[in-house]
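Residue strings, one per chain:
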Amino acid sequence: MIELINVAKSYPNGIDVLFNININIGKEEFVFLVGPSGAGKTTLMKLLYRDETPSAGKVIVDKVNVADLDVKQIPYLRRNIGVIFQDYKLLPRRTVFENVAFALRVTGAPRSTIRRKVMQALELVGMLGRANAFPDELSGGEKQRACIARAIVNNPPILLADEPTGNLDPTTSWDIIQLLDKINKRNTTVVVATHNKSIVDDMKRRVIALENGRVVRDQQLGGYSQ
Amino acid sequence: MFSNLEFFLVEAFRSFYRGALMSLVAVGTISVSLVIFGLFVLLVLNLGNVVGTVSSKMDIAAFVEKDISLEQAGQLQLALTKIPGVERVEYISKTEAWRKFKSEFGEKLELDDVVVNNPLPETFNIKVRTPDTLSSVAKQIANIEAIDEVRYSGKYVDQMRTLMDAIRIGGAALVILISFATLLIVVNTIRLTVIARETDIYIMKLVGATDTFVKWPFLIEGVMLGVLGGLIAFLVLKLSYDAISFRLVQALPFVPLIGDQRILTLVYIVMVLGGTALGMLGAHISVSKVLKTEV
């Protein structure tokens, strides 16, 4: 589903972030991407949804090398990749419903479809009761649930989560990871970049560790550290 | 596209009233620029009108010293009419000129007792179509054999012509310059509303919105700003022009101001359309800039 072949990334200011990355993630896998801050986790994620382009190598997502993707095709790539963030990136002046519906509206879906799918997504993340709340009125965990609902409302085959528990307390973090696990079991490939040692250790999933821009470990049923 | 239209309209209105202050600033800027633009256009049109009216009142006088028959006079008049650029030729016979002269000056004098032979020449008053052709027509008339003398206020006309050319060229250049300045101001004002929504744009793009999709609500908002600004400018300009021209006509009745409603309406329509175009173009330029920097 996701394949990185000899990928390197340097930013225009001359800083090298990733070196010779080779990763292959299969369909419906659940993968943790771990490593200290600055190891290149976020950059690697951004390469997948073409928020950044690699300086070298191939980034293949669903059989397409997104590194050579025509700019006009990027929106269609992104509709197949759900992304969730540490800072949620919810639109502040819109309700939870509107935030989630937004991801469908941009695809030009009819209103009835939007309503049905948004309700389904909100139900899945346990936010039906908060549909009319504004982001300001939500707790951190609720914000992240809303963000997840937005990411999956299109039923994308891939879900990327960049530090999804970074701003959450341990209990809420665990709830969010359970939710991601549930989504993974609905045939979605899930990649989670995280610092959260206890979660990685408890989940016992495939772990890819990055350090200084290099893959230093790729282990099935791994823990946060070796 | 049409299924999205409602969404775009709602988004545009929402953005308009959520950023009410910024929207008002943009509308105000567009209005002020358009009023300046409109005042200038009216000024140039009126100056042109004044110069044009004055010049069009100038005509050429051609004199024939010797007596000619009525038939000869008719032939000459025809020949003069045929010169390109001539609008109308008026023939004043020697006798008629003498009668006029007498009625104007001769009431107290028995001129007929003093003057035996009528000393006045046969006269043709020639009106040209445009003041520009005055001197060239005058030269052609002078070349006609039967004509002895041609008089027209040549130097004055040439000065008028130069002045009018200057007003036209300078006016056009200034109007273009003001248009550009207005566009720049509008682009920058709308850019502020776009920058205020940069996060929205980023998120829209992250969830897979195409550039066109992102652009539409902004373009609609730009058109709204432009139409509103244009209408306000129209009202301000119309009220002030009517007031100014009313007073000016009372104070200086001989100044030929443009009162033709068709011309004025055209200026006003151009202003409102111009405002609309400015708003849309401004929004387009601003959004495109932001879209280029966002991936």
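Model, not experiment: these values are computed from the prediction.

(A) Spotlight on the overall build of chain B. Looking only at helices and strands, chain B has 10 helices and 4 strands in total. Within chain B, the fraction of its 295 residues that count as buried is 43%. Considering only contacts within chain B whose residues lie at least 6 apart along the sequence, 83% involve residues at least 24 apart. Carbon and sulfur atoms make up 67% of the accessible area of chain B, which totals about 16400 Å².

(B) Representation of helix α6 (residues 134–142) of chain B. Along α6 of chain B, the positions that sit buried rather than exposed are L134, S135, V137, A138 and I141 of chain B. All buried residues of α6 of chain B lie within an arc of 160° about the axis, which places them on one face of the element.

(C) Representation of the packing of helix α3 (residues 96–105) of chain A against helix α5 (residues 140–152) of chain A within the structure. Residue and element names in this part refer to chain A. Look at α3 against α5: their axes get within 7 Å of each other, and the N-to-C directions meet at 25°. By the angle class used here, α3 and α5 are roughly parallel. The two elements α3 and α5 meet at a crossing, and its hand is right-handed. Contacts between α3 and α5 involve V96, N99, V100 and A103 from the former and A146, A149 and R150 from the latter. Classifying every residue of the contact of α3 with α5 gives 5 nonpolar, 1 polar and 1 charged.

(D) Region of the structure containing the interface of chain A and chain B. The partner chain B presents 20 residues to the 21 residues of chain A that form the contact. Together, the buried faces of chain A and chain B total about 2000 Å²; carbon and sulfur atoms form 57% of this surface. At the junction of chain A and chain B, the tally comes to 1 salt bridge. Between D200 of chain B and R94 of chain A there is a salt bridge, with its nearest N and O atoms 3.7 Å apart. Counting every contact that joins chain A to chain B gives 3 residue pairs in polar contact (both at pLDDT 80 or more). Those elements giving two or more residues to the side of chain A that touches chain B turn out to be α2 (74–78) and α3 of chain A. Of the residues contributing to the side of chain A that touches chain B, the split by class is 9 nonpolar, 1 polar and 11 charged.

(E) Inspection of the sheet that holds strand β6 (residues 81–85) of chain A at higher detail. Residues and elements named next belong to chain A. Strand order in the open sheet made by the 6 strands is β6-β7-β8-β3-β9-β10, with mixed pairing throughout. Strands with a single pairing partner mark the edges of an open sheet, and in this sheet they are β6 and β10 (214–219). Strand after strand, the sheet turns through a mean of 15° between neighbouring axes, direction not considered. As paired elements, β6 and strand β7 (residues 158–162) share 5 bridges and run parallel to each other. Bridge assignment links I81 to a residue of β7, and that residue is I158.

(F) Fine view of the packing of aromatic side chains. What the rule picks out here adds up to 5 aromatic pairs over all chains. A ring pair is formed by F8 of chain B and W216 of chain B, whose centres lie 6.3 Å apart and whose planes are at 20°; its orientation type is stacked. Of the two residues, F8 of chain B sits in helix α1 (residues 2–18) while W216 of chain B sits in helix α9 (residues 211–251), which places them 208 residues apart along the sequence. Here F8 of chain B falls in the buried class, since its relative accessible area comes to 2%. Where F234 of chain B meets Y268 of chain B, the ring centres are 5.2 Å apart and the plane angle is 65°; that geometry is what we call edge-to-face. Highlighted residues: F234 of chain B in helix α9 and Y268 of chain B in helix α10 (residues 261–293), separated in sequence by 34 residues. Exposure remark for F234 of chain B: the relative accessible area of 24% places this residue in the partly exposed category. Ring pairing ties together the aromatic residues F8, F213 and W216 of chain B, which thus form one cluster. Taking NZ or CZ as reference, K89 of chain A lies 5.2 Å from the ring centre of F85 of chain A, over its face. The ring of F19 of chain A carries R214 of chain A above its face, with NZ or CZ at 4.2 Å from the centroid.

(G) Local environment of the sheet that holds strand β4 (residues 149–151) of chain B. Residue and element names in this part refer to chain B. Strand order in this open sheet of 4 strands is β2-β3-β1-β4, and the pairing throughout is antiparallel. Edge strands, defined here as strands with exactly one partner in the open sheet, are β2 (86–92) and β4. In this sheet, adjacent strand axes meet at a mean angle of 20° when their direction is disregarded. By the bridge criterion, 6 bridges tie β2 to strand β3 (residues 122–128) in an arrangement that is antiparallel. Paired with V89 across the strands is I126, a residue of β3. Against the sheet, helix α4 (residues 94–105) engages β2 and β3, with an angle of about 75° to β2. Of the strands in this sheet, β1 (60–64), β2, β3 and β4 are in contact with α6, which crosses β1 at around 10°.

(H) Focus on the pattern of salt bridges. Residue and element names in this part refer to chain A. Applying the stated criterion across every chain, the model contains 14 salt bridges over all chains. In this structure, the salt-bridge partner of K197 is D201, at a minimum N-O distance of 2.9 Å. A residue pair is termed a helical-turn pair when its members lie 3 or 4 positions apart in one helix, as K197 and D201 do in helix α7 (residues 197–203) at 4 residues. Relative accessible area serves as the criterion here: at 43%, K197 is assigned to the partly exposed category.

(I) Representation of α3 of chain A in the model. Among the 10 residues in α3 of chain A, 9 count as buried, and that is most of the element. Among the residues making up α3 of chain A, those that are buried are V96, F97, E98, N99, V100, A101, F102, A103 and L104 of chain A.

(J) Focus on a nonpolar patch on the surface. Taken together, the side chains of L5, L9, F13 and Y17 of chain B present a nonpolar region at the surface, about 390 Å² in accessible area. Mapped onto the elements, L9 of chain B comes out in helix α1.

(K) Local environment of the packing of helix α8 (residues 198–206) of chain B against α9 of chain B. Residue and element names in this part refer to chain B. Direction vectors running N to C along α8 and α9 enclose 145°, while the axes themselves pass 9 Å from each other. Pair α8 / α9 crosses with right-handed handedness. For the pair formed by α8 and α9, the contact residues are I201, M204 and K205 on the first element and D211, F213, V214 and F218 on the second. Grouping the constituent residues of the contact of α8 with α9 by class yields 5 nonpolar, no polar and 2 charged.

What counts, and where the lines are drawn
Residues numbered from 1 in each chain as written. Chains lettered and ligands numbered in written order. Predicted model: local features only at pLDDT ≥ 70, side-chain atom pairs only at ≥ 80, totals over all residues. Heavy atoms only, no water. Helix = DSSP H or I, 4+ residues; strand = E, 2+ residues; numbered from the N terminus. Buried < 20%, exposed > 50% of the residue type's maximum accessible area, 1.4 Å probe, protein only. Contact = heavy atoms within 4.5 Å. Areas by Shrake-Rupley, 256 points an atom, 1.4 Å probe, with all protein chains shown as cover. Arc of directions from axis to C-beta. Axes fitted to C-alpha atoms, helices over the stretch in contact; angles between N-to-C directions. Parallel < 35°, antiparallel > 145°, perpendicular 65-115°, else oblique. Left-handed = near helix turned anticlockwise from the far one by under 90°. Nonpolar A, V, L, I, M, F, W, Y, C, P; charged D, E, K, R; others polar. Buried area = accessible area lost by both parts, 1.4 Å probe. Salt bridge = Lys/Arg side-chain N within 4 Å of Asp/Glu carboxyl O. Polar contact = N/O pair within 3.5 Å; in protein donor to acceptor, adjacent residues only side chain to side chain. Pairing = 2+ DSSP bridges. Phe/Tyr/Trp six-rings, centres within 6.5 Å; stacked < 30°, edge-to-face > 60°. Lys NZ or Arg CZ within 6 Å of the ring centre and 35° of its normal. Patch = residues over 30% accessible without salt bridge, like charges linked within 9 Å, V, L, I, M, F, W, Y side chains within 5 Å.

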